Amino acid sequence: MATMASPMDLETRLEKRKDHFVVVHPLDDVFETKVDTDALGPMAMTRTVRLSLLSLRAYLILMVLLVVYHVVMLAR
């Protein structure tokens, strides 16, 4: 059966045993500073990455056009 322990009891038990970890819920954890995305600037892309993203964009546009065409044909 699980029992609630005070933080002081937990610290003294941790000092005795160093072979385990304490799990802390993210809402109870210390606040973490986040990255400021406004100060990052543009990301450098290689030619391969740029080509991949352009081909993905073309593929998605083609799929949307095919769906629109199919809907128009069904509506006739």
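Throughout this description, residue numbers start from 1 for each chain and increase along the sequence as written. Local features in this predicted model are restricted to residues whose pLDDT is 70 or higher, and side-chain atom pairs enter the listing and the counts only when it is 80 or higher, whereas totals over whole chains, interfaces and linings include all residues. As a rule here, side-chain values come from all non-hydrogen atoms in the structure, and water together with hydrogens is ignored.

Enquirer: Which parts of the structure should I look at to understand the overall build of the protein chain?
Expert: Along the backbone of the protein chain there are two helices and zero strands. Throughout, exposure labels follow a simple rule: accessible area from a 1.4 Å probe, protein chains only, divided by the maximum for the residue type, with under 20% read as buried, over 50% as exposed, and the rest as partly exposed. In the protein chain, which comprises 76 residues, the share counted as buried stands at 0%. Total accessible area on the protein chain is roughly 8,300 Å²; 66% of this is exposed by carbon and sulfur atoms. The helix count covers DSSP runs of H or I at least four residues long, the strand count covers runs of E at least two residues long, and both are numbered beginning at the N terminus. The Shrake-Rupley method, run with a 1.4 Å probe, gives the accessible areas here. Residue values count only the displayed protein chains as cover.

Enquirer: Is there a simple way to explain a nonpolar patch on the surface in this structure?
Expert: Surface patches are defined over residues having more than 30% relative accessible area and no salt bridge, joining like charges when they lie within 9 Å and nonpolar side chains (Val, Leu, Ile, Met, Phe, Trp, Tyr) when within 5 Å. The salt bridge definition used is simple: a Lys or Arg side-chain nitrogen within 4 Å of an Asp or Glu carboxyl oxygen. Together, Met45, Val49, Leu53, Leu56, Tyr59, Leu60, Leu62, Met63 and Leu66 make up a nonpolar patch on the protein surface, roughly 790 Å² of accessible area in all. Within the fold, Tyr59 resides in helix α2 (residues 47–75). The class of Tyr59 is partly exposed, set by a relative accessible area of 47%.

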